[in-house]
Every structure is written in C-alpha cells, then in structure tokens.
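One-letter residues, chain by chain:
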Amino acid sequence: MAIGGYVGKILYVNLTDKSTKEIPTADYEEWGGGHGMGSALFWDLVPDKTIDGFDPDNLVTFMASPFSGTLVPSSSGRTEVQGIGVQQYPIAWFTRSNFGGRFSGQMKFAGWDGIAVQGKSETPVWINVVNDTVTIEDASGLWGLNTHETQEEIWALVAGDKSVSDWWEISSSRDGGRTTQKPAVVCIGPAGENLNRNACLIHDAGNGGGQGGFGGILGAKNLKAISFIGTGSVPIADPAGLADLRLEIQDRFGYNVDNPTLETPVPALSGMYGLINGSPGYGPIMWTAAGAGRPQGCMGCFKNCRINTESGLGNGDQCVEGLYWSASGELIDQLAAVTLLDQVGTNVYDMVDAHPYLLNLYKMGVLGPGKAIPSDLPWDRYDSPEFIEAFTLAVANRTDIGADLADGLTRAVIKWGRWEEDTTSGLLPRPQWGFPEHYDPRLEVEWSYGSLFGDRDINEHGINWLVHWMPTVTAAVGQAPLMPAEELATRIAEGTGVGDPKGWDYSAEGIYTDAKAKAVAWHRHYTRFWKQSIGMCDWAWPMLINFNAGDDYDGATPTYEPLLFKAVTGTDMTWEQSLELGRKIWNLDRAIWVLQGRTREMEVYTNYVYDKPTDVPYFLPAIENGEWGYSICLGRTLDREKFDDFKTRFYKLEGWDSTTGWPTRAGLSELGLSEVADALDGAGKLGADGA
Amino acid sequence: MTEASEAQVRFDAPSLEFVQHAIRELGFEERFTVTKMSGGIGNTRVEVYSFPQLVNVLFGTKWDRLAPEGSKATLAWVDTDSLCRWLHDVVGDTELADAVRASLEGADYFKAQVDAMLPLFRERVAQYRTVLDDVADAAPAAP
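Residues numbered from 1 in each chain as written. Chains lettered and ligands numbered in written order. Predicted model: local features only at pLDDT ≥ 70, side-chain atom pairs only at ≥ 80, totals over all residues.

1. What about the overall build of chain A?
Threshold: A run of H or I in DSSP becomes a helix once it reaches four residues, and a run of E becomes a strand once it reaches two; helices and strands are each numbered from the N terminus. When we talk radius of gyration, it's over C-alpha atoms, and the globule rule is simply 2.2 Å times the number of residues to the 0.38. Comment: burial labels come from other C-beta atoms within 10 Å of the residue's own C-beta, placed from the backbone, where a count of 20 or more is buried, 12 or fewer is exposed, and between is partly exposed. In this description, a residue-residue contact is defined by the distance between C-beta atoms placed from the backbone, which must lie within 7 Å.
For chain A, the helix and strand inventory stands at 24 helices and 20 strands. In terms of overall size, chain A behaves like a compact globule, its C-alpha atoms giving a radius of gyration of 24 Å where 691 residues would be expected to give roughly 26 Å. Evaluated residue by residue, chain A yields a buried proportion of 61% over its 691 residues. Sequence-distant contacts, at least 24 apart, represent 68% of the contacts inside chain A between residues at least 6 apart.

And the structure:
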C-alpha cells in the first residue's frame, strides 16, 4: 500500500436522495488513480452498463491522481472525468474527458481523491466541499448564469468578499485552516442546462472538459457546479527526492528563457515552433503575433503553455478553443468569440468545424432563410463578430439552427440527410464516432486506430509532436529535420520498450505491419496509465525525445515516470508493470464498450478515409524504396482490406477474439479481471478463447 | 524576396470596377481551399470565398491592415499553382497572379513562400485600399 500520493477517501454523492458517503481510496488503489479508479468505480456502481448518458443512474466521476497537488512537473493539475457520454455516434460510449487548472489539487487539499456523482436532483443544486464538510446547496440562484458568473457567485458564497491575496478562515471550527485560495469550481453554462450533447465543463477561465458531453449530463442531473476548497496537504513518500527530481527535470528538459537551447529561427512563428521547443506561452498558436499577454499554466506546471491576455479575454484557452473562429481577422474578436463559448459552456471541438461546414452549405444554397436547412442567422456576414455571437448563442440556447446543432453536428447532419454524402466527399471530415478529424486518419494511424478501437478522438500528442510536428515545422521554416527519421523512430522504439523502429514507419505499407500494431497497443497502454490515470499532461508527456536537452536530445521517458511515482507514493513500479496496468484499464474499458454494443463491424471509418487521397503535405517518418526519410505522404488512402486484416491482428495482440473484437476469458483472467469475464459471459458477449 | 526586388514590383493602378470585382463575395464553385495547420487541431481545410478572406487566412490579419501588421503565427498551406490560377481566373487580378507566380520560383518552403508573396499582397492591397478610400472620400456627407 502506498505511503504517499493519496489522501484516503473518495466522495460519493447521490443527488436523488441527497446522500453522501466516503469510499476508501485504498479499495481502488490497485488502479493507480484517475481513469483507472474511475472505470473501476463505474464498473462497481453502475450495474446496467447499457443505460443512456442522460439516465439518472449514470455515474460521473471526477478523479485526481497521486500526482495531483504535488510538485510533479506538468502532472499536478489534471482532473479525469468519466461516465457514459452523450456525444458519440452511433452509440454514446462510456467515455472520458479531462481538464487542467487546479481542481484536482484543491480536491486533494480538501482531503478527497475524487468525487463520484450519481442520481438526479429534482431541483438545481451545487455541491459545496470545504475540507471534510460536504453540503448540497440550492442552485436556483445560479441556474441561468454563465460559467464565469457561476464561479464568481460561488467564490463569494464560500469565501466572501476577499481580494486575491487575503487570508481567510475556511470554517468556523478550531483548526479549520486558512488559505489565500478561492474555491476550485467546475460548472456548466446554459448549454449544459439545456442538455446539449456538446455542452462542456468549465473550470476557472478556460479549462474545459469538452468531449463526451458531460456539461449536458450534469444538466440532466440538475447539477450546476462542484466546488472544493481545502487547507490540507498531500503526503509525499520522499519529499526531498521529489523536489530534486522536479528541479532536475526542469533543468534538463525545460525551456530556459534566459538561455534557450533551441530557439525559433523565425520569431513570427514562435507559436508553431513551440510545438517542438515548448517555449512558454506557445499554446495559443493563433495569437502570438499581436496582443500583449504572459505565459500561464496549470497547478505545478513547468511549461506554462497558455497565455493570460492583456484584454482578459481568452485566458486559459490553450488549444483548439483558440482556433474557434478568426474570420474577422481581428485578434480581439477571436478572443471574444472563444470567451463567449467558454461562458455558455459549449465544447469547441464539436463546433470548430461546424460553422465553416455550414458556411459551405449556405454557399451551396442548401442552408439559409427559406432553404432546405432553414436558418435566419446572418450567414452573409460570416466574418463579422455579430455572426459568431449569434451562432454561439443559438447553439447554446437551442434556437434557430442551434435546435439541431445542440445535439452535436453529427446528429444534425444525419437528421438533414447529408451524412453519407458529405463524409464520403470529405466536405465533412469526421472519421470515427462522429468526431471531427484531428490528425490525418489515413497517415498518422496510432492516433486514428487508437480512436477507433477506443471511444473518442484520443487527443494524445506525445508521439505526434515528434513524428509529425518536428519535421513539419522545421520544413516550414527551411531547416533540416532536427533528427534523421531512422534515428527518431529508433529512439522512440527504444524509449517505449517496443523495440522495433518499424512501429513508427508511416509508409503506405508500414501502417499495417505487426510492428505498427505493437506501437498502437503501447500507445493505448501508456496513455491509459500515465496520462489518464496518473494525470501527466498530454502537452508534456511522454517525453521520449526533448529538443531542449542539449545535443543528445534525450527525453525524460521512460526513466522519470517510475522515479516520480516512487518519490510520491513510495511504491516501486517498473516500466513494464505500469504498461501492464494500463493494459488492464484499457481492457476494462473495452469490456464496458462491448456491453454497450461494440462489434467488430462497427470499427470502420467513414468513406473519405478509404476513398479520398491525401492532397496536403504531411510529414512523417517512413521507409520508402528501402530508405528511411520523412515522407510528404501525398496521394494516400487507407486500404479497406489491409486495414481489416490489421484489425484482426491487433485484436489478437490485445488478447481479444479476432472475429468479434470482444475480450476473452483467458485474456481478462490474465489481467485479474475474471469477474469482468463473468459479466461478459452473462451478457453473451465474451470472446472465444483462441479465436 | 529582398527589399531590392520588392522595390521593382509595380502594378498598374486598378480602377474602381476592377477592385470591386476582385474583392466580391464568391460562390461555392468559385471558392479556394487553404489548409491551416495547427497543433491544437491538426490540419483544417478553410474554404475561402473572397480575396479579403484569402488575405486573412493566408497572412492572419484583416486584409486592409496587411501592410502595417504583417503576418501572424500559423501555417496556412496553399497549393501555389492553384493559388495563382485562382487569382488569375477567379479574382481576375492577372498582374498579381503573374507576380506571385514569378516570386515563388525557388521559394520551396512555407516561410520562403510567405516572404515572397507578402510584399506583393501588401502593395496590391494598398492600391485596392486607395481606390476604395478615394470613393469613400468623394461620397457626399450624410445630411
């Protein structure tokens, strides 16, 4: 049993009868934390895995990890959210989301390793946690407020009228503790209240838990917000060792602003170049040329990828949300658009490709006033701030075309009868489960295969920075790649432990090999444990190669993850053991998806992936004509038959029935999941051993 | 492109009709595709429906302020042959199309292409702006 990292208990709240209870963290410690614990809690507390995401019995978990609230670099501020979703299509899978900031840290300072919420309140409520005291409060005065207003109201209700640096007593009891912090609140906006399937969770200014539609799910539970404030601390097994590791990592792998190892050769492209050198503030890549601001990060981060802007707009918006809309060409309009999106609580990832697609339909004469898809929004002024404001509010409030879009763009397009045509032509590139294309599914396949064999767009960049962005950004600025393709693939293969560099060969044949299957499986297992269960940030980990680290470019992975785990928890965990635990969690998730209805036949992409050749340069390491190099990857499609054969071999590698894709008793028992095998067997969905 | 070569570029002064045609809103079949590349969402296809929108997408700033502000940090990839054809055939600015084509000779990576094209767009946009400003100045004041 760990001697550090965990604070001892998980909070369970039943909103139907307003009861609460403590679940000992030790009961779930074998799962590591975060996602592993969330999946196990869901398995135990939701007997019927086939319920709808809006069903009151759906369990939503917000889990910290042993690293939350500690000094572990770029690993302290993430919160993992799970439950049955409402976003994906055709089945809204048991799924996950994740947001940064300080929520999980504050949750642990209050003495909790996570919170699991089930049931449905008859009236709007919010959950108020002050150290050990848990109250379910009336939220009728908060209902209708946007996400920023909601948090400000809760700060005032809990902390009173305190300015930023004021100390305050968080309870009236003796030794209740003092803090300078405001409560950490996660909440929903109007989009969530309206049960939108693309409603998200917002914490602080712009930390968003977008995928899955958890904003709408909390809306269905009549749960407006959850607030934590605490004055405790996190026990650390080896505090001095952890401090040393943090400083060592910062020194060896951080971007030294005073004396950078790798500087952008083109200052105007520092945002793009930050994808490979990690310079502070590089995240909001559309904003770097104009507008003052300063780097900002999540709790405990040593990278600080975001920017707090002079205008106060767009703060905390670090990733795709910054790209929501920029049609006016005015930075301030772009920041205002994403701020409004944060305030109404809509998931940008379901909307960022929606308005450009809909503009195309408008131009085609399909959409607009009196058209087949009626809309009175000002489509003729698409590049004006008035348009994006009207569009954003329409979706959040289910007015005009938003009445359809609030169920997600995919469901809207299906309703309009355009899904087959537009995903075949590529006008709407949404490859799997109704999610937008993120990285090219015909080329960068550990991303697309992982998404298809899972539940959502995986959104895991650790390999992507190296194999795609390094050669792409250097090519864009006229530099030679920072590392030859063969060396890059070899070092990734060695660092991961997979061993075979061909796992990172993205050639037309390389994407179907057994080596690729092992690379994809490694990616699923690593991320399930270290990123999603232990909370290591996607924009920092894994760190297989680091271009700030002197001439050798050595990264922190795989040396430092187990060292950090040992320093925090006191538990020895080998690299291999960590990956095996990731595999166990991945298999438990797979079993839930199978119970929900997953079949082999469903694991296919939309037609454009197979039929429409790539026509934009997309650099990746590849073996072509017997030589390693960075291929431009033009004219490529995914071959249906070869992918189908790959699927068979991938299933076998994972220990699943190759004819159905279902886990087998032998495979599950090997992972200590015999009772999961029993449940699948009882549902008639257990894969055949050896098939 | 060097400053010396930039100084050699001269376009004929466009007429009001020419400018109005060049900056008009386009239909679906007349659109031009730009691919924006970003770490946050990968590659996204942006369908461009006007010359001002092209300038915004390509250089990252409002089209009529291109000269003072310069470009923002993003990769906006275009097929340069297609771009020149679109400028020539759809926008109707053959001089700009020809100048862009000539400037791109030897510019074989993104930064070099932006550096080559930017001065040409700046000069041409400034000319467009002058024509439109002259019309605005000549318009009778509102009562």
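There's plenty left to go through after this.
2. Some points on the overall build of chain B
Across its full length, chain B carries seven helices and three strands. Each helix (α) and strand (β) of chain B, taken in turn from the N terminus, gives the series α-α-β-β-α-α-β-α-α-α. The contacts of chain B with a sequence gap of at least 6 include a subset with a gap of at least 24, amounting to 57%.

3. Quick word on the nonpolar core
Spelled out, the test is: Buried Ala, Val, Leu, Ile, Met, Phe, Trp, Tyr and Cys residues form a nonpolar core when they are connected through C-beta atoms within 7 Å.
Ranked by internal contacts, the top residues of the largest apolar core, which has 237 residues, are Ile115(A), Trp126(A), Tyr324(A), Leu466(A), Leu620(A), Leu680(A) and Val100(B). Ranked by residue count, the leading element in this core is helix α20 (residues 575–596) of chain A, at ten residues. Sequence-distant contacts of Val100(B), defined by excluding residues within four places in its chain, comprise Leu83(B), Cys84(B), Leu87(B), Met117(B) and Leu120(B).

4. With respect to the packing of helix α7 (residues 270–277) of chain A against helix α16 (residues 464–476) of chain A
All names here are of chain A. Rule in force here: The angle between two axes is taken between their N-to-C directions and runs from 0 to 180 degrees, where each axis is a line fitted to C-alpha atoms and a helix contributes only its stretch in contact. Should an angle fall under 35 degrees it is taken as roughly parallel, and over 145 as roughly antiparallel, whereas 65 to 115 is taken as roughly perpendicular and any remaining angle as oblique. For any helix crossing, the convention is left-handed if the near helix is rotated counterclockwise from the far helix by under a right angle, and right-handed if that rotation is clockwise. Ten residue types, Ala, Val, Leu, Ile, Met, Phe, Trp, Tyr, Cys and Pro, are classed as nonpolar, four, Asp, Glu, Lys and Arg, as charged, and the remainder, Gly among them, as polar.
One can describe the packing of α7 onto α16 by two numbers: an axis separation of 9 Å at closest approach and a directional angle of 140°. When the axis of α7 is compared with that of α16, the two are oblique. Where α7 crosses over α16, the handedness of that crossing is left-handed. Contacts between α7 and α16 involve Met272, Tyr273, Leu275 and Ile276 from the former and Trp465, Trp469, Met470, Val473 and Ala476 from the latter. When its residues are assigned to classes, the contact of α7 with α16 shows nine nonpolar, no polar and no charged.

5. Looking at the confidence of the model for chain B
Residue and element names in this part refer to chain B. Put simply, the test is: Every residue is assigned a pLDDT by the predictor, reflecting its confidence on a scale from 0 to 100.
For chain B, the average pLDDT comes to 85, and 82% of its residues sit at 70 or higher. Highest mean pLDDT in chain B belongs to helix α2 (residues 16–22) (98); lowest belongs to helix α4 (residues 66–69) (46). Residue range residues 1–7 is modelled with pLDDT below 50. Its contacts to residues more than four positions away, or to other chains, number six contacts. Across residues 67–71, confidence stays below pLDDT 50; counting only partners more than four residues off in sequence or on other chains, it has twelve contacts. Overall fold confidence (pTM) sits at 0.95, and the ipTM for the predicted complex is 0.90.

6. Regarding the confidence of the model for chain A
For chain A, the mean per-residue pLDDT works out to 94, and 98% of the residues sit at or above 70. Long-range and interchain partners of residues 285–289 of chain A, a stretch whose pLDDT sits below 50, account for 25 contacts in this model, where long-range means more than four residues apart.

7. A look at the sheet that holds strand β12 (residues 201–203) of chain A
Residue and element names in this part refer to chain A. For the record, the criterion: Pairing between strands is defined by DSSP: at least two bridges between the two strands are required.
As summarised here, the arrangement of the six strands in space is β8-β7-β14-β11-β12-β13, forming an open sheet in which the pairing is mixed. At either end of the open sheet lies a strand with only one pairing partner, and these are β8 (133–138) and β13 (207–209). Adjacent strand axes in the sheet meet at a mean angle of 20°, parallel and antiparallel pairs treated alike.

8. A closer look at α20(A)
All names here are of chain A. Inclusion rule: Helices are assigned an expected span. That span is 1.5 Å times one less than the residue count.
The end-to-end C-alpha separation of α20 is 32 Å, in line with the 32 Å expected for 22 residues at 1.5 Å each. In terms of residue burial, α20 counts as a mostly covered element, since 17 of its 22 residues are buried. Phi for glycine 597, located one or two positions after α20, is positive at around 125°.

9. Notes on the sheet that holds strand β3 (residues 60–63) of chain A
Residues and elements named next belong to chain A. With mixed pairing, six strands are arranged side by side in an open sheet as β2-β1-β6-β3-β4-β5. This sheet does not close on itself; its edge strands, each paired only once, are β2 (19–24) and β5 (94–99). Here the strands of the sheet are splayed against their neighbours by 20° on average, with no regard to which way each runs. Relative to the sheet, helix α1 (residues 34–45) contacts β3, β4 (79–84), β5 and β6 (114–118), its axis offset from that of β4 by approximately 25°.

10. What about the pairing of strand β7 (residues 125–130) of chain A?
Residues and elements named next belong to chain A. Most of β7 is tucked away: six of the six residues are buried. Side chains Val125, Ile127 and Val129 of β7 all project onto a buried face; the interleaved residues Trp126, Asn128 and Val130 project onto the opposite face, where all are buried too. Sheet analysis places β7 next to β8, joined by six bridges and oriented antiparallel. In the strand pairing of β8, valine 125 is matched with aspartate 138. Two strands pair when backbone bridges link them, and β7 and strand β14 (residues 223–229) are joined in this way by six bridges, in the parallel orientation. Looking at β14, one finds that valine 129 is bridged to phenylalanine 228.

11. Some points on unusual backbone geometry
Most of the time, phi is negative for any residue but glycine, and the peptide bond is trans. All names here are of chain A. With an omega dihedral of 5°, the bond running from tyrosine 89 to proline 90 counts as a cis peptide bond. Tracing the sequence through the fold places proline 90 in the loop between β4 and β5. With omega at -5°, the peptide bond leading from tryptophan 541 into proline 542 counts as cis. Positive phi, close to 60°, is recorded for asparagine 222, a residue that is not glycine. As for its placement among the helices and strands, asparagine 222 is situated in the loop between α5 (214–220) and β14.

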